[in-house]
Amino acid sequence: MTTLDSPVDAGSLPEIPGRAGDTKAMPRRAPLDLLSSLRAKLVIPYVLLTLATAMIGMFVITRLVASTLRERFANQMLEASRVAGDSMVRRERVHLEDLRLMTFTQGVGEAMAGDEAGDLQQTLFPLVLNNGVQSLTVASAGGQELLSLIQDPATSEFLVSRGADLSQVELLAGPLAGRKDALGDKFAGLLSTIYGPYLFTAGPVRGGAGEVLGALMIGTRLDSLASEIKAQVLADIIILDSSGALMTTTLAEPEDGYDILSLAPYDVAYLNPGKTVQLSLYGRPYQIYYTPLEVRQKPVGVLGVVLPSNFIVTTESTSRNVFILLFTLGTLAVIITGLVLASRISRPIVRMRDVSLAVAAGDLEQRTGVRGRDEVGQMAAVFDLMTFRLRRRTAQAARLHAEAVRRSEELAEANVRLQQAQQQLVQSEKLAAVGTLAAGIVHDIKNPLAVISGLTEELQEGVTPDSAIATPLTQIRENAVRASGIVTDLLKFARQSNPEKSYQNVWDTVRTAVRLNDYLSRRANVRVGVDLTARPVMTLYDAQQIEQVLVNLIQNAVQAMTPQGGLLSLVVREAPPWVEIEVRDTGVGIPAKNLGRIFDPFFTTKPPGEGTGLGLSVSYGIVAQHQGQIDVRSEVGRGSTFVVRLPLRSPDDKTLAG
Ligand SMILES: Nc1ncnc2c1ncn2[C@@H]1O[C@H](COP(=O)(O)OP(=O)(O)OP(=O)(O)O)[C@@H](O)[C@H]1O
Ligand SMILES: [Mg+2]
């Protein structure tokens with residue numbers, strides 16, 4: 001136990017006796033506001049932080065994904081448009097090679113100079129077929145159509161024509177005039193024919209002296225070119241002319257017509273480097289990236305690359321959904337972990353709170369039972385130790401309190417006994433004083449009274465009854481006798497002798513006292529009731545003296561009920577260690593102010609000559625000599641009750657005998 005009184009090292013605490021984990025015995029805890037519970041305080045900020053992080057993370061990542069996606073899409077369009085541009089350039093190069101081949105083929109120059117259409121066709125047609133040329137036009141230096149071969153896209157048959165005036169065809173004007181630009185003497189452009197728009201390249205045919213003999217123009221159908229490009233770039237293609245009007249497209253006709261694919265001339269003028277247009281086609285979102293279509297470094301129209309953009313929206317929403325799912329699961333996992341952690345942290349604290357409540361409510365047997373090397377474990381151990389010490393101290397205090405109460409009761413009892421002894425002493429001293437006084441005067445008075453009554457008797461003998469002094473003589477004698485009686489009483493009182501105790505039946509004493517007062521009671525119209533115990537009660541006392549006490553009490557009772565009459569009850573009771581004799585009347589009662597004086601010698605309220613005031617004081621003295629008690633209760637107008645208590649003793653009890 002000494003270890004418990006020395007300073008505590010919580011880590012090495014001994015096992016402390018008490019009930020641990022007994023929550024049933026705990027007082028009901030006050031309902032806690034859910035938000036102010038320890039668990040909530042731990043979990044709420046944690047959860048809020050997690051949610052905030054998750055939302056910011058989700059926002060950032062979806063943004064990132066979306067912008068990456070859009071960037072990739074834009075790149076894809078740029079790439080497609082570059083590839084498409086390259087295809088046009090490549091086609092134009094094929095045209096140049098074909099032109100070169102035809103220009104330098106023997107007989108072409110001569111045929112043109114000689115205007116020999118038949119020879120021209122014979123020479124050029126095999127080249128047209130072999131090289132897959134879709135359209136060839138030969139113009140004379142004067143702008144006359146010498147030969148035109150154009151393949152019908154439907155039948156693949158070639159249509160041959162001659163003789164048209166081509167001097168107004170802008171593309172042929174440069175070569176026929178022998179003009180050159182930075183790239184040379186060839187010119188390219190888009191032209192519409194009976195089979196739709198074509199990409200044409202035109203170049204001059206010169207004679208030996210360098211003179212222009214005419215011009216050749218080779219063309220490829222734009223729709224076949226667009227299909228070719230579409231196959232390469234995997235995107236639909238739109239080709240507009242330099243005014244922004246649609247020339248061809250690989251797209252099927254939109255609901256709103258082909259016109260929505262065209263651009264305004266203004267847009268075309270400011271197209272460099274490109275323009276993205278968002279359109280809804282066939283009910284789905286598309287993006288078109290328009291760039292200038294340059295052939296031979298000159299803008300000839302507009303090239304549009306078309307890609308469906310709904311996959312961006314779809315991919316964005318798919319990725320958003322995936323991230324939402326991931327973040328929701330992650331957040332849930334984090335919250336659950338948080339709850340588990342919080343309850344692990346708060347469980348011992350909650351347990352300590354419960355035990356504190358129980359201890360506060362007075363149950364010092366409770367122990368937290370929480371152990372651990374952490375701060376909470378140490379705190380719990382110290383708390384248990386405190387509770388244990390508190391219980392020990394409380395038990396000590398309770399023992400001391402009980403001891404104090406017992407002592408104070410003993411003290412109170414001793415005090416009562418002391419007071420009784422003091423009262424008895426005072427009473428005895430009063431009696432003794434009166435006794436000494438009485439003994440002194442009785443002798444001196446008794447003799448003169450005897451002389452008075454003797455002489456009066458003698459005088460009476462000499463007097464006739466009708467004499468004038470006969471009556472006064474009689475009165476003198478009677479009063480002398482009366483005075484002598486009083487004096488005798490006083491003497492009796494003065495000579496109070498020690499009681500001569502013997503083993504007596506209380507019933508007999510009570511009955512004798514009642515019988516002695518029989519006449520008195522009847523005359524005063526008082527009914528008498530006696531209530532005795534079931535069996536006779538025997539004890540040690542002086543029968544004559546106790547009889548005297550009861551006679552005094554009965555006489556007082558009868559006098560208190562005179563003249564109105566009433567009921568006198570005598571009750572005998574066994575109340576160990578006493579036998580009680582109760583004398584109760586329904587008389588006038590005793591005023592409270594007199595209650596403390598009625599046992600005093602010579603206290604009387606009766607008219608002079610009727611009472612000496614010695615009855616109760618003599619009775620008190622007798623009972624005291626028997627180690628008994630005499631009590632009174634009284635109510636004015638209702639009556640008085642006197643109780644005499646005598647100790648219950650067996651005949652061989654020597655302590656009181658004698
Ligand atoms: N039963 C009673 N009812 C009412 N008053 C009583 C009763 N007993 C006693 N007293 C009062 O107590 C006084 C004292 O009684 P105590 O017997 O000593 O003297 P006493 O009766 O007056 O005279 P004595 O008994 O000497 O003839 C009485 O005068 C009376 O006032
Ligand atoms: Mg009396």
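Computed from a predicted structure; not experimentally measured.

Caption draft 1: The arrangement of the overall build of the chain in detail. Secondary structure summary: the chain contains 15 helices and 20 strands in total. In terms of overall dimensions, the chain is more spread out than a globule: its C-alpha atoms have a radius of gyration of 74 Å, far above the 26 Å expected for 658 residues. On the principal axes, the C-alpha backbone points of the chain span a range of 230 × 65 × 40 Å. Across the 658 residues in the chain, those meeting the buried criterion constitute 41%. Here the analysis covers contacts within the chain between residues at least 6 apart in sequence; of these, 64% occur between residues at least 24 apart. Put simply, the chain shows about 36800 Å² of open surface, and 57% of that area lies on carbon and sulfur atoms. Positive and negative charge centroids in the chain, built from 64 and 68 side chains respectively, lie 12 Å apart.

Caption draft 2: Quick look at the sheet that holds strand E20 (residues 639-647). In space, the 5 strands of this open sheet follow the order E15-E17-E18-E20-E19, with mixed pairing throughout. Lying at the two open borders of the sheet, with one neighbouring strand each, are strand E15 (526-531) and strand E19 (629-635). Direction aside, neighbouring strands of the sheet carry axes that sit 15° apart on average. Each of E15, strand E17 (566-575) and strand E18 (578-584) is contacted by helix H11 (residues 506-516), which is oriented at about 165° to E17, the strand it contacts most.

Caption draft 3: Here's a closer look at the sheet that holds strand E12 (residues 298-308). Spatially, 5 strands are ordered E9-E8-E12-E11-E10 in an open sheet, and the strand pairing comes out antiparallel. Strands at the two margins of the open sheet, each flanked by one partner only, are strand E9 (246-249) and strand E10 (275-281). Each neighbouring strand pair of the sheet contributes to a mean axis angle of 25°, computed without reference to strand direction. Judged from the 7 bridges that link them, E10 and strand E11 (residues 284-295) form a sheet pairing that is antiparallel. Of the residues in E11, the one forming a bridge with threonine 276 is tyrosine 289. Together, strand E8 (236-241) and E9 form the strand contacts of helix H6 (residues 222-233), whose direction differs from that of E8 by roughly 145°.

Definitions and limits used
- Residues numbered from 1 in each chain as written.
- Chains lettered and ligands numbered in written order.
- Predicted model: local features only at pLDDT ≥ 70, side-chain atom pairs only at ≥ 80, totals over all residues.
- Heavy atoms only, no water.
- Helix = DSSP H or I, 4+ residues; strand = E, 2+ residues; numbered from the N terminus.
- Rg over C-alpha atoms; globule rule 2.2 N^0.38 Å.
- Buried < 20%, exposed > 50% of the residue type's maximum accessible area, 1.4 Å probe, protein only.
- Contact = heavy atoms within 4.5 Å.
- Areas by Shrake-Rupley, 256 points an atom, 1.4 Å probe, with all protein chains shown as cover.
- Lys, Arg positive; Asp, Glu negative; His and termini not counted.
- Charge placed at Lys NZ, Arg CZ, Asp CG, Glu CD.
- Pairing = 2+ DSSP bridges.
- Axes fitted to C-alpha atoms, helices over the stretch in contact; angles between N-to-C directions.

This is a description of form; function is not addressed.
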